[in-house]
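Remarks on the overall topology
In case you want the letters, here they are:
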Amino acid sequence: MLKSQLFRLKAKVLNHARIKSPWIMHFDATSCNGCGIEIIACLTPKYDIERFGMVEKGNPRHSDILLVTGAVSHKTKDRLRLIYDQMPEPKVVIVIGVCGISKGIYQGCYNIIGPIDKVIPVDIYVPGCPPRPQAIIDGIVKGLDLWKDKLKEEDKRKEEYML
Amino acid sequence: MSREDSYSIPLGPQHPALIEPEYLKVHLDGETIVDVDINIGFMHRGIEKALQQRTYMHDRFLIEKICGICSSIHTLSYCGAVEKLAEVDIPERAKYIRMIIAELERLHSHLLWVGIAGYEIGFDTVFQLAWRDREIVMNILEKISGNRVSYSMNTIGGVRRDISKSKAEELHKAIDKIDARIYHYIDVFTKDSTIIKRTRGTGILTEKDAKKYSIVGPTARGSGIFCDIRKDDTYLKYSTIDFNEITHKTLDIESRAVVRLKELLESTKIIRQCLNMMPKGNLSVKVPDIIPEGETIFHAEAPRGEILYYVRSDGTDKPYRVKIRTPTLANILSLKPMLKNQQLADMPIIVASIDPCFSCTDRVTLLDTKTGRTKTVDETYLKSLKRQ
Ligand code: SF4
């Protein structure tokens, strides 16, 4: 009994801290770059996504939220899969831009094999070509809520396993 | 030490600073770079083929999405080439508006580069400040065109939106503000000791090498070569405008930075003159859907160098062939001489110093990598080197 209470308390404190400092990573799977620069613009003083405690990281093993732009090409397919697998659980994947959602303007290009959700599971879609920084921030904040739920689920599973 | 005995380290394809994926294989002797293999092609989408399957007007929209950073110069060159084939002359006012948008694009692109350069040498303040100032340009572009990234201003036969009097006034104010900031950045890049320690004397590209590899744009001008399409083979109305071609002779990263920053002052000069000289009149003329048979080229000065469009028509409403050659494809080869005998820690800033744009470049795939002895390091390791 005491053990599980202690576990719950620990998880609560940990989750509180984790929610306040999610690390994001950006991967570009064959896009036009338009969405990429809007993501970077989100990091800068005018939009300032860092106020949510987010830092952009280059290493998939350190990041919690994956932002993907662009549609998948033959050459980036395996890379995207690899990066997704390397990220620790629980993770949230957010697709930014319409070409990652439905191929968008690249419909019919021979080297484009499909939207992002053909390769990895996607949680949140932010449409637009490119979406405005406000829309991107909105998407990421929604992703945070989802991530919170996922963290709780994970804790529950751990607790069951432990008892 | 020969290439075979050296360690090789893969860099990429996912790299936090460059936004886009690319893959570089660096051969090392200790910390010194012996050689580098360049493997691009992650951004290859097959656009040139797709262009052949769409009509000229549809192509214009796809061409805008080749690159999000320099979308306007792509459409400017494409529309210029198609207009040349159709033998139409666009209204004077449209020419000036096209020039204003192209120069605004140069402003935002170079400011973006200033930020990235700051980030690469671990000086995040410069990154944040430069991108804050870039928002001034983005705001004014949004006011004029309605979009932040793909302005969609150029169309075959002219431009789609006007710059009204009130917007012209706002534009004047905005570029005055930008001017003051640019002087500040020139100061920072030539006087700040933190930046100078990283940029002065690193990434040397001699004039001979630059000519050998056919380097274009600010990278070549940073090696003291005069090459600016706006001057050499003028298009639109650049011949009536008074501006200087900037070159700098110290050959290193600082030289390229100074060229880019001083170029911005010229850009604001061009915008001011355009606003004053712009005549009243129509924005566009009608161009028939069917373009007469023939072939043509059009080249223009993009923020990163010369961009070239070749368009061939077979007398239908779809182009027979569109071939695009972008500046980064020319400039990427300069990484080889630049990186030789440099420290591994300087690599990110040297790569960034040519301002590579891979979504433009990767419509062609080239070069293979050979495997020697391999040692894998991850991004954090490279980053930790960089900060020292
Ligand atoms: S959604 Fe549009 S702007 Fe974004 S990467 Fe795709 S084509 Fe470019």
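Residues numbered from 1 in each chain as written. Chains lettered and ligands numbered in written order. Predicted model: local features only at pLDDT ≥ 70, side-chain atom pairs only at ≥ 80, totals over all residues. Heavy atoms only, no water.

Here the focus is the sheet that holds strand β1 (residues 23-28) of chain A. Residues and elements named next belong to chain A. Pairing is parallel in the open sheet, where five strands are placed in the order β2-β1-β3-β5-β7. The sheet is open, and its two edges are formed by β2 (55-56) and β7 (124-126), each paired on a single side. Taken together, the two bridges between β1 and β2 define a ladder with parallel strand orientation. Paired with I24 across the bridge in β2 is E56. (Pairing = 2+ DSSP bridges. Helix = DSSP H or I, 4+ residues; strand = E, 2+ residues; numbered from the N terminus.)

Another point: the side chain of N154(B). Residues and elements named next belong to chain B. Mapped onto the secondary structure, N154 falls in strand β4 (residues 154-155). At a separation of 3.2 Å, a polar atom in the side chain of N154 contacts the side chain of T75. The contacts of N154, once residues within four sequence positions are left out, are R60, S72, T75, L76, C79, R98 and V159. (Polar contact = N/O pair within 3.5 Å; in protein donor to acceptor, adjacent residues only side chain to side chain. Contact = heavy atoms within 4.5 Å.)

All names here are of chain B. Counted under the stated rule, the structure contains seven aromatic pairs over all chains. Ring geometry for Y119 versus F127: centroids 5.3 Å apart, planes at 55 degrees, classification tilted. Assessed through its relative accessible area of 14%, Y119 is described here as buried. Looking at F127, the relative accessible area reads 6%, which means it is buried. Grouping aromatic residues by their ring pairs yields a cluster made of Y235, Y238, F243 and F298. Taking the ring centre of W113 as reference, the NZ or CZ of R260 above it sits at 4.5 Å. (Phe/Tyr/Trp six-rings, centres within 6.5 Å; stacked < 30°, edge-to-face > 60°. Buried < 20%, exposed > 50% of the residue type's maximum accessible area, 1.4 Å probe, protein only. Lys NZ or Arg CZ within 6 Å of the ring centre and 35° of its normal.)

Before going further, it helps to examine the pairing of strand β2 (residues 23-29) of chain B. All names here are of chain B. Extensive coverage of β2 is indicated by the burial of six of its seven residues. As paired elements, strand β1 (residues 7-11) and β2 share five bridges and run antiparallel to each other. Across the sheet, the residue bridging to Y7 is L28, located in β2. Bridging between β2 and strand β3 (residues 32-39) involves seven bridges; their strand directions are antiparallel.

With that settled, the discussion passes to the domain arrangement of chain B. Residue and element names in this part refer to chain B. Along its sequence, chain B is organised into domain 1 (7-42 + 363-384) and domain 2 (47-352). Each side of the interface is counted separately: domain 1 has 23 residues, and domain 2 has 21 residues. Both faces combined, the contact of domain 1 with domain 2 buries some 2,000 Å², and carbon together with sulfur accounts for 70% of it. Counting the contacts that link domain 1 with domain 2 gives four residue pairs in polar contact (both at pLDDT 80 or more). At the level of secondary structure, the elements contributing two or more residues to the side of domain 1 that touches domain 2 comprise β1, β2, β3 and α16 (379-386). When the residues that make up the side of domain 1 that touches domain 2 are grouped by side-chain class, the tally is 15 nonpolar, two polar and six charged. (Domains from an automatic or database assignment. Buried area = accessible area lost by both parts, 1.4 Å probe. Nonpolar A, V, L, I, M, F, W, Y, C, P; charged D, E, K, R; others polar.)

On the surface, K20(A), K148(A), K152(A) and K156(A) cluster together into a patch of positive charge. Residue position: K20(A) is located in the loop between α1 (2-19) and β1. (Patch = residues over 30% accessible without salt bridge, like charges linked within 9 Å, V, L, I, M, F, W, Y side chains within 5 Å. Areas by Shrake-Rupley, 256 points an atom, 1.4 Å probe, with all protein chains shown as cover. Salt bridge = Lys/Arg side-chain N within 4 Å of Asp/Glu carboxyl O. Lys, Arg positive; Asp, Glu negative; His and termini not counted. Charge placed at Lys NZ, Arg CZ, Asp CG, Glu CD.)

Further remarks concern the environment of D59(B). All names here are of chain B. Residue position: D59 is located in helix α2 (residues 56-64). For the pair D59 and I204, spaced 145 residues apart in sequence, the C-alpha to C-alpha distance is 40 Å. Aside from chain neighbours lying at most four places away, what touches D59 is A50, L51, R54, Y78 and P319.

Residues and elements named next belong to chain B. Under the counting rule described, the total for this entry stands at 34 salt bridges over all chains. Here E48 and K323 are joined by a salt bridge, their closest N and O atoms 3.7 Å apart. With E48 in helix α1 (residues 47-52) and K323 in strand β8 (residues 319-325), the pair connects residues that are 275 residues apart, well separated along the chain. By relative accessible area, K323 is classed as partly exposed at 30%. Where D187 meets K191, a salt bridge forms, and the shortest distance between an N and an O atom there is 3.1 Å. In this pair, D187 and K191 are both assigned in helix α6 (residues 165-191), four residues apart and thus about one turn of the helix distant.

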